[in-house]
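Descriptive analysis of the structure
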Amino acid sequence: MLEKLFRLGYPKTFAERYYKLWGERALSIVQAMENPLPRCFRVNTLRIDVPALTKLLNKKGFQFKRVPWAREGFCLTREPFSIASTPEYLGGLLYIQEAGSMYPPIALEPKPGEVIADMAAAPGGKTSYLAQLMKNKGIIYAFDVGEERLKETRLNLSRLGVTNTILIHKSSLYIDELGIEFDKILLDAPCTGSGTIHKNPERKASRTMEDVKFCQNLQMKLLEKGLSVLRKGGILVYSTCSLEPEENEFVIQWVLDNFNVNVNVELLPLKYGEPALTNPFGIELSEEIAKARRFYPDRHGTSGFFVAKIRRI
Ligand code: SAM
């Protein structure tokens, strides 16, 4: 079994970790990441409604099936030519987005009129979904440190007709300088991306445990900062596209153990995915953590990712 993981290009440390976490299933998880993900898109309801766009695309020969957890999400089963070259795409009627990436904005349940922070926004896939669910009403403060990625975000938001978002080119570790208490916060955290090997196969070999530790440290700091500017009763959704418990369950456990205001982990609004791990590597975590979800490439046909909903009480 370990031999097979080595042959697929995983170094010893990660092969052994995955075997400890998932036993024989580790192979199906990594094997699923050898195949490309289906191309999926989200109807941009700021510009068109779902039936109108699906009709337009069907007429051009595109076929697709629904993303189970996203009313506006579809994955292509027939793409006669690149959907990115259609006037529908260029005119901002749709956004190409991985099915898994549609889940965190839905989990946050944003409402028109709310004041929301997106702490790691570029290139804007989730920000624009939040704006769409808010019907462009209320306000989103969207942070990112990547200058080029922010340029792309600006183009995406403008193509999609998003008008309720302020882009801020700064680390969201400084979010408190705005002096705002947020109703809701999305922290789609920077991570090692070990659930996205389909797109980035070089990460199998290039990623190290130092990278995992580095990301964990940043994730904890961002989460601590985010919770400090969340109003009482407010919700923070934390997500990553990493498979590593250190970037997921252990970060949430750290919040439960160390944070100086009270927080609860809550059930997500949609029951997709699998419960998060409560005993990774034999380390016992709070049962509450099982309320967070994991999506796996082998069972859910998505990148590997993790989503947790935290309420400040
Ligand atoms: N939410 C985005 C989307 O759906 O399109 C993807 C975000 S990506 C997973 C993580 C982002 O975090 C990267 O764009 C990276 O530039 C940004 N980032 C890293 N450190 C940051 C920090 N300290 N403050 C804000 N953004 C940061």
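Residues numbered from 1 in each chain as written. Predicted model: local features only at pLDDT ≥ 70, side-chain atom pairs only at ≥ 80, totals over all residues. Heavy atoms only, no water.

1. With respect to the packing of helix α10 (residues 209–228) against helix α11 (residues 249–258)
Viewed as axis vectors pointing N to C, α10 and α11 meet at an angle of 45°, and their least axial separation amounts to 10 Å. Viewed along their axes, α10 and α11 adopt a mutual orientation that is oblique. Read as a crossing pair, α10 and α11 show a hand that is right-handed. Mapping the contact onto sequence places Q216, Q219, M220, L223, E224 and L227 in α10 and F250, V251, I252, W254 and V255 in α11. Class assignment of the residues belonging to the contact of α10 with α11 gives a composition of eight nonpolar, two polar and one charged. (Axes fitted to C-alpha atoms, helices over the stretch in contact; angles between N-to-C directions. Helix = DSSP H or I, 4+ residues; strand = E, 2+ residues; numbered from the N terminus. Parallel < 35°, antiparallel > 145°, perpendicular 65-115°, else oblique. Left-handed = near helix turned anticlockwise from the far one by under 90°. Contact = heavy atoms within 4.5 Å. Nonpolar A, V, L, I, M, F, W, Y, C, P; charged D, E, K, R; others polar.)

2. Points about the sheet that holds strand β4 (residues 94–96)
Here we have four strands laid out as an open sheet, ordered β2-β3-β1-β4, and antiparallel in their pairing. The outermost strands of the open sheet, each flanked by one partner alone, are β2 (63–66) and β4. The mean angle between the axes of side-by-side strands here comes to 35°, regardless of whether they run parallel or antiparallel. Its contacts with the sheet place helix α4 (residues 50–59) against β1 (40–43), β2, β3 (73–78) and β4, and it is angled at close to 150° to β2. Strand contacts of helix α8 (residues 147–160): β1 and β4, with the helix running at about 150° to β4, the strand carrying the most contacts. (Pairing = 2+ DSSP bridges.)

3. As for a positive patch on the surface
Together, R66, R71, K135 and K137 make up a positively charged patch on the protein surface. Note on placement: R71 falls in the loop between β2 and β3. (Patch = residues over 30% accessible without salt bridge, like charges linked within 9 Å, V, L, I, M, F, W, Y side chains within 5 Å. Areas by Shrake-Rupley, 256 points an atom, 1.4 Å probe, with all protein chains shown as cover. Salt bridge = Lys/Arg side-chain N within 4 Å of Asp/Glu carboxyl O. Lys, Arg positive; Asp, Glu negative; His and termini not counted. Charge placed at Lys NZ, Arg CZ, Asp CG, Glu CD.)

4. Comments concerning the state of the cysteines
Enumeration over the complete set of coordinates arrives at one disulfide. Here C215 is not cross-linked by a disulfide; its sulfur's nearest cysteine counterpart is in C191, at 6.5 Å. Unpaired in this structure, C241 has its nearest cysteine sulfur neighbour in C191, at a distance of 3.4 Å. (Disulfide = S-S within 2.5 Å.)

5. With respect to the site of the ligand
Close to the ligand lie 17 residues; A120, D144, R149, S171 and D188 are nearest. D188 has a polar side-chain atom sitting 2.8 Å from a nitrogen atom of the ligand. For the ligand, the protein covers 85% of the area, taking 610 Å² as the surface of the free molecule. (Near = heavy atom within 4 Å. Polar contact = N/O pair within 3.5 Å; in protein donor to acceptor, adjacent residues only side chain to side chain.)

6. Topic: the environment of A120
Within the element layout of this structure, A120 appears in the loop between β5 (115–118) and α7 (125–133). Residue A120 is classed as buried on the basis of its relative accessible area of 16%. With 60 residues separating them in the primary sequence, A120 and K60 have C-alpha atoms 35 Å apart. Sequence-distant contacts of A120, defined by excluding residues within four places in its chain, comprise F143, D144, D188 and P190. (Buried < 20%, exposed > 50% of the residue type's maximum accessible area, 1.4 Å probe, protein only.)

7. A word on the nonpolar core
In terms of nonpolar packing, the biggest core is built from 32 residues, with I185, L187, L223, L227, L236, Y238 and I252 touching the most fellow members. Breaking this core down by element, the ones donating at least two residues are β6 (139–144), β8 (182–188), α10, β9 (230–240), α11, β10 (263–266) and β13 (305–312). Residues within four places of L187 in sequence aside, it is in contact with M119, Q219, L222, L223, L236, V237, Y238 and S239. Residues V67, A121, M134 and V162 belong to the second largest nonpolar core, which totals 30 residues. (Core = buried A, V, L, I, M, F, W, Y, C linked by side-chain atoms within 4.5 Å.)

8. Observations regarding the pairing of β9
It is a general feature of regular strands that their side chains alternate between the two faces of the sheet. In terms of residue burial, β9 counts as a mostly covered element, since eight of its 11 residues are buried. Sheet topology note: the β8/β9 ladder contains six bridges and is parallel. Bridged to D188 within β9 is S239. The pairing of β9 with β13 spans six bridges and is antiparallel. Counterpart to Y238 in the pairing with β13 is A308.

9. What to know about α8
Here α8 contains 14 residues, and its C-alpha end-to-end distance of 20 Å stays within 8% of the 20 Å for a straight helix at 1.5 Å per residue. By the burial criterion, the buried members of α8 are L150, T153, N156, L157, R159 and L160. Lining the buried residues of α8 we find β1, α5 (87–90), β4, α7, β6 and β7 (165–169). G161 occupies a position one or two residues after α8 and carries a positive phi of about 75°. (Expected span 1.5 Å × (residues − 1).)

10. Focus: the pattern of salt bridges
Counting across every chain of the model gives 20 salt bridges. Among the ionic pairs, E244 bridges to R17, the shortest N-O distance being 2.8 Å. Residue E244 is found in the loop between β9 and α11, and its partner R17 is found in helix α2 (residues 12–22); the two are separated by 227 residues along the sequence. The pair formed by E244 and R17 is uniform in burial state, with each residue classed as buried. One salt bridge connects E148 with K151, and the closest N-O pair in it is separated by 3.0 Å. Here E148 and its partner K151 are both found in helix α8, three residues apart, which amounts to about one turn of the helix. A single network of salt bridges, built from pairs that share partners, joins R17, R207, E244 and E246.

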